[in-house]
Amino acid sequence: MNCIVKEKAATKAGSQPNPSENQKDIFASILNVNKGSRKLTRGGDIVLSTQRSAINCPSNTCFWPKSSNGLVNIPFVISSEYVVAEKAIIENAMQEFATATCVRFVNRTTETDYLNIVSSDGCWSYLGKKGGPQDVSLMKTGCLYKGSVQHELNHAVGFEHEQSRSDRDNYVTILWDNIAEGMSQNFQKVTTNNLGLSYDYSSVMHYGSYAFSKDSRLPTIMPYPDSNVSIGQRYGLSHFDVEKINRLYQCNICSSLLPNPSGNFSSADSFSNYPNNVSCVWLIRIPMDRIFLEFQSFAVSSSDTCTTEYIRIYDGNSKSAPLLLETYCDKMLPPSVLSSSTTMLVEFVASSTTSGFKASYSTVPCGGTLTNTSGSFITPYHPAIYPNLLECIWVIRAPTGFKISLQMNLIDVEFEAGCPYDYITIHDGGQTSSPKKGIYCGKYNMPLFTSAGNAVVIQFHTDESIQGIGFAASYKFVN
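Rules behind the numbers
- Residues numbered from 1 in each chain as written.
- Predicted model: local features only at pLDDT ≥ 70, side-chain atom pairs only at ≥ 80, totals over all residues.
- Heavy atoms only, no water.
- Helix = DSSP H or I, 4+ residues; strand = E, 2+ residues; numbered from the N terminus.
- Buried < 20%, exposed > 50% of the residue type's maximum accessible area, 1.4 Å probe, protein only.
- Lys, Arg positive; Asp, Glu negative; His and termini not counted.
- Salt bridge = Lys/Arg side-chain N within 4 Å of Asp/Glu carboxyl O.
- Contact = heavy atoms within 4.5 Å.
- Disulfide = S-S within 2.5 Å.
- Pairing = 2+ DSSP bridges.
- Axes fitted to C-alpha atoms, helices over the stretch in contact; angles between N-to-C directions.
- Expected span 1.5 Å × (residues − 1).

**Describing the side chain of Asp412**
Considering the arrangement of structural elements, one finds Asp412 in strand β23 (residues 403–413). Buried within the structure, Asp412 lacks any salt-bridge partner; Lys443 is the closest side chain of opposite charge, at an N-O distance of 4.3 Å. Apart from the residues within four sequence positions on either side, Asp412 is in contact with Tyr386, Gly442, Lys443, Gly468, Ile469 and Gly470.

**Quick look at the state of the cysteines**
Within the structure shown, the criterion is met by 6 disulfides. Across the disulfide from Cys306 sits Cys329; the S-S distance is 2.0 Å. Disulfide Cys306-Cys329: torsion about the S-S bond near -75 degrees, hence left-handed. Residue Cys306 is found in the loop between β14 (290–299) and β15 (310–314), and its partner Cys329 is found in the loop between β16 (323–328) and β17 (337–338); the two are separated by 23 residues along the sequence. Assessed through its relative accessible area of 4%, Cys329 is described here as buried. There is a disulfide in this structure between Cys366 and Cys392, and the S-S distance comes to 1.7 Å. The chirality of the disulfide connecting Cys366 with Cys392 is left-handed, given an S-S dihedral of about -55 degrees.

**Some points on unusual backbone geometry**
Of note, the amide linkage connecting Tyr224 to Pro225 takes the cis form, showing an omega dihedral of 5 degrees. Structurally, the position occupied by Pro225 is in the loop between β10 (221–223) and α4 (239–248). In this model, His382 is joined to Pro383 through a cis peptide bond whose omega is 10 degrees. You can see Pro383 is positioned in the loop between β21 (374–378) and β22 (391–397). Backbone geometry places Phe212, a non-glycine residue, at a positive phi of 60 degrees. You can see Phe212 is positioned in the loop between β9 (172–174) and β10. A relative accessible area of 11% means that Phe212 is categorised as buried. Positive phi is not limited to glycine here, since Cys419 has a value of about 50 degrees. When you line up the elements, Cys419 lands in the loop between β23 and β24 (423–427).

**Quick notes on the sheet that holds β16**
Note on sheets: strands pair through backbone hydrogen bonds, and any given pair is parallel or antiparallel. Read across the sheet, 5 strands follow the order β11-β13-β18-β15-β16 without closing on themselves; strand pairing throughout is mixed. In the strand order of this sheet, the two ends are held by β11 (254–258) and β16, each with one partner. Mean inter-strand twist for the sheet, computed between neighbouring axes without regard to direction, equals 15 degrees. Bridge analysis of β15 against strand β18 (residues 343–350) gives 5 bridges, and the strand direction is antiparallel. Across the sheet, residue Arg312 finds its bridge partner in β18, namely Glu347. Packing against the sheet, helix α2 (residues 84–100) makes contact with β11, β13 (278–285) and β18, and its axis sits at approximately 150 degrees to β13.

**Looking at α2**
Relative to the 24 Å expected for 17 residues at 1.5 Å per residue, α2 spans 25 Å between its end C-alpha atoms, a close match to the ideal helical length. Buried within α2 we find Glu86, Ile90, Ala93, Met94, Glu96, Phe97, Ala98, Thr99 and Ala100.

**Description of the sheet that holds strand β25 (residues 436–440)**
One open sheet holds the 5 strands; their spatial order is β20-β22-β28-β24-β25, and the pairing between them is mixed. Each having just a single partner strand, β20 (366–370) and β25 make up the two edges of the open sheet. Going from strand to strand, the sheet's axes swing by 10 degrees on average, the running direction of each strand aside. Inspection of the sheet shows β24 paired to β25 by 4 bridges, in the antiparallel sense. The partner of Ile424 across the bridge, within β25, is Tyr440.

Okay, here's the thing in structure tokens:
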């Protein structure tokens, strides 16, 4: 039902360390917070009740009801004990459900059944719809991370832990001897409806390798047959988490979540399920830094109004986020774009199976998409020396009919003939494949450059040694 994607998991060279890189995986953080909890749970954070698993719920009483418009509205109330910034974290985590699935967390009005989100003693939730007000605890100290919030909300939507699946022994080995005394019950399998989908090592619902270990050096779960597969992450819903929700609630929605640091995706495989009037979204969410997106092919029925076929790109995880690329239906490739954060939403609408696109994305630590009529930008830390191992990209895009006048002052970049180490590359066009105006290094002022079209891409690369102060640049749009 979802649009098919192919991804690669290699992290782009030059990404800078993230302060949160040493944080524990989602479930390890949850267990740490829940050490002092008095709530009776199984699996570490599922509150015990008489209900069965919501994904194996014969009477459907533990499903949240589906409205006539195809949406699954889950009412909620957020306790007033959370400050504005804390509420924003919770609501941002909820937004990804709304963007990629038919599940909507909506503010409660008079509904009898609803989630009551409180800062109680730990991170925990009931499984599926319990009936009446049901607490979801997101303790202010320790639970307010996107991944932790989505983990508990996914329990409330109706999902068990991934390694509790009925078929888990085909994919992981439980190392019972390494489990702390009295904690073995947390590794029992449950009867689940696996929805015809593959086991997901990267699920937001998967335990980490050392969950409930009697010794922090001894793993309790080992992937099988490849023990090197990574399990346990802290960023949030995976691609298959989204697909499971859509299958469980029979969402008629074309969506994909792309959580890897880089990848490729296209519209091609969505048409088999949506032959006419396709409307699909791809939510890109990388672990750190910013997203650089560019297109390899693009074909739509071009028109002046772009009403029936187009692509839009949002700088965030919802259609209410600022636009990086407004409604676009030109015959030329769309210009490249760079996000301001770790999320980007791509929306594609088409009425014909002959329309479509192919695109790729990667992680870059710095740069931006510049669309104001004039502006300036500098290398990181300028006028101090720039860091080693950088890949920065700036995309300057003017309206159709305008050109870009670019002035790069005070270039101070490690010099070597041919510029093989640190360098600036200027592309006269909207892609990194556009013609190169030049590759620059050394120390000088570059002459004024005027683009041939309405877009320019500037790349800045540094290696592991010898820095300068980089550059300061300014631009303006000209007729």
